[in-house]
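Understanding the architecture of this molecule
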Amino acid sequence: MRRWLACCWLLIAAAAWGEEGLRLAPGFAIQKLPAAMMPAGAWPTQPALCVRKDGLWFATRENLYRLGARAGVLEVPLPLEGFACSAQGTPVLVAAGKLGPVAGRLFVPRVPLPSPATRIASGTGDSLILFETAAPARLFRFDGRQAQLVATLTEPILAAAPAGDFVLVATATGIFRVRPGEPLGLLFPLADMKPVVSLAVHPRTAEILFATEDEIFLLDDGRATQLAEGLGGALAATETTVFVADGRRQGIYALRPAR
């Protein structure tokens, strides 16, 4: 398989674009999205990004935006508690403990979350992943109508992402592969690292990307390569670019191989 990274680098090079405290792996470049593309409004506590055919989507604490469009999607702003898109691009929001799709300019609450500790993430097809951040932590697949239990973990789930016929989850101790009815498959131990806040799978190479609040890594064949230090947050990947919504810096960045 052709790899997005040709090799694993052991050194981190200083970023050339002048952002203080940010260091990138050699062979990478980064660009901060201009202020004109950014939505107005307060950033959420846990940012989320979604890549669709029509662009990059981001939710503030009160509205949903396609980046580049200054007006929010929702006709009536709401106190939003979560946002994710299915792999097919259906945007789903959480407000007042209920999740539902966006129909036109309206949020349609449909299903109560399994618990107050539940978060949502993208799923395969037109599904979502629901996971709990308190132990014992349940992991669900939500098909738009009902939530099907996939597994129950003994420690809180910090992040989740779809990967073919299994689900990737990050806990405080590791990144695991989860299939219904099978034992957890440890992909990478995390006991000595900062908490993971986001997981993503590269759509072309199937390499795993994960981020803490101030680091980004690529996981391949059991080895984690640091792509960025001083930058982290929610990840969304296309074939050529990794987008990062950094809640600390309150900016969205595009990380890609330098040409």
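In short, a report on the structure. (Residues numbered from 1 in each chain as written. Predicted model: local features only at pLDDT ≥ 70, side-chain atom pairs only at ≥ 80, totals over all residues. Heavy atoms only, no water.)

1. Some details on the state of the cysteines
What counts, and what does not: A pair of sulfur atoms, both from cysteines and within 2.5 Å, is called a disulfide here. To qualify as a helix, a DSSP run of H or I must reach at least 4 residues; to qualify as a strand, a run of E must reach at least 2; elements of each kind are numbered from the N terminus. Remark: exposure states derive from per-residue accessible area (1.4 Å probe, protein chains only) relative to the maximum for the residue type, with buried under 20%, exposed over 50%, and partly exposed in between.
Summed over all chains, the structure comprises one disulfide. Through a disulfide, Cys 50 is tied to Cys 85; the S-S separation comes to 2.2 Å. With the S-S bond torsion at -110 degrees, the cross-link from Cys 50 to Cys 85 turns out left-handed. A residue pair is termed long-range when its members are at least 10 positions apart, and Cys 50 in strand S4 (residues 49–52) and Cys 85 in strand S7 (residues 80–85) qualify at 35 residues. The exposure class assigned to Cys 50 is buried, which follows from its relative accessible area of 5%.

2. Things to note about the sheet that holds strand S26 (residues 251–257)
Heads up, the rule is: Two strands pair if DSSP finds at least two bridges between them. To obtain each axis, a line is fitted to C-alpha atoms, and for helices this fit is confined to the stretch in contact; angles are then taken between N-to-C directions over 0 to 180 degrees.
Pairing is antiparallel across the open sheet formed by four strands, whose spatial order is S3-S26-S25-S24. Only two strands of the sheet have a single neighbouring strand rather than two, namely strand S3 (28–32) and strand S24 (234–237). Taken over all neighbouring pairs, the strand axes of this sheet differ in orientation by 25 degrees on average, direction set aside. Strand direction decides the pairing type here: S3 and S26, joined by five bridges, are antiparallel. Residue pairing in the sheet places Ala 29 in a bridge with Arg 256 of S26.

3. Observations regarding the environment of Gly 72
Keep this limit in mind: We call two residues in contact whenever any of their non-hydrogen atoms come within 4.5 Å of each other.
You can see Gly 72 is positioned in the loop between strand S6 (64–66) and S7. Residue classification places Gly 72 among the buried positions, given a relative accessible area of 14%. Residues Gly 72 and Pro 34, spaced 38 residues apart in sequence, show a C-alpha to C-alpha distance of 18 Å. Beyond its immediate chain neighbours, meaning those up to four positions away, Gly 72 contacts Asn 63, Leu 64, Tyr 65 and Arg 105.

4. Structural notes on the sheet that holds strand S15 (residues 147–153)
Sheets are built from strands that pair by backbone hydrogen bonding, the pairs being arranged parallel or antiparallel. On the basis of which strands lie adjacent, the open sheet formed by four strands has the order S12-S13-S14-S15 and antiparallel pairing. Looking at the sheet topology across the chains shown, the edges are occupied by strand S12 (118–122) and S15. The sheet shows a mean angle of 25 degrees between the axes of neighbouring strands, direction not considered. Taken together, the four bridges between strand S13 (residues 128–132) and strand S14 (residues 137–142) define a ladder with antiparallel strand orientation. Across the sheet, residue Phe 131 finds its bridge partner in S14, namely Leu 139.

5. Here we look at the nonpolar core
Put simply, the rule reads: Here the nonpolar core consists of buried residues drawn from Ala, Val, Leu, Ile, Met, Phe, Trp, Tyr and Cys, with membership extended through side-chain atoms lying within 4.5 Å.
Formed by 19 residues in total, the largest nonpolar core has its most connected members in Leu 209, Ile 216, Leu 231, Leu 235 and Leu 255. Sorting the residues of this core by element identifies S3, strand S21 (208–211), strand S22 (215–220), strand S23 (223–229), S24, strand S25 (242–246) and S26 as the ones contributing at least two each. Those residues within four positions of Leu 255 in sequence are excluded, and the remaining contacts are Leu 24, Phe 28, Ala 29, Ile 30, Ile 216, Leu 227, Thr 240, Thr 241 and Val 242. The next biggest cluster of nonpolar side chains, apart from the first, holds 15 residues, and it includes Leu 168, Ile 175, Phe 188 and Val 196.

6. Examining the environment of Pro 203
Secondary-structure assignment places Pro 203 in the loop between strand S20 (198–201) and S21. Residue Pro 203 is classed as partly exposed on the basis of its relative accessible area, which comes to 48%. Pro 203 sits 36 residues away from Glu 239 along the chain, and the two C-alpha atoms are 5.8 Å apart. Not counting the four nearest positions on each side in its chain, Pro 203 is found in contact with Ala 237, Thr 238 and Glu 239.

7. Describing the pattern of salt bridges
The test is simple: Any Lys or Arg side-chain nitrogen located within 4 Å of an Asp or Glu carboxyl oxygen qualifies as a salt bridge.
The final tally for this structure, using the stated rule, is nine salt bridges. Measuring nitrogen to oxygen at the nearest pair gives 2.8 Å for the salt bridge that ties Asp 54 to Arg 52. Judged by its relative accessible area of 36%, Asp 54 falls in the partly exposed class. For Arg 52, a relative accessible area of 24% corresponds to the partly exposed category.

8. Overview of the environment of Cys 85
Assessed through its relative accessible area of 4%, Cys 85 is described here as buried. Along the primary structure Cys 85 and Val 167 are separated by 82 residues, whereas in three dimensions their C-alpha atoms are 16 Å apart. Filtering out sequence-adjacent residues up to four positions away, Cys 85 remains in contact with Cys 50, Arg 52, Thr 90, Pro 91, Ser 122, Gly 123 and Leu 128.

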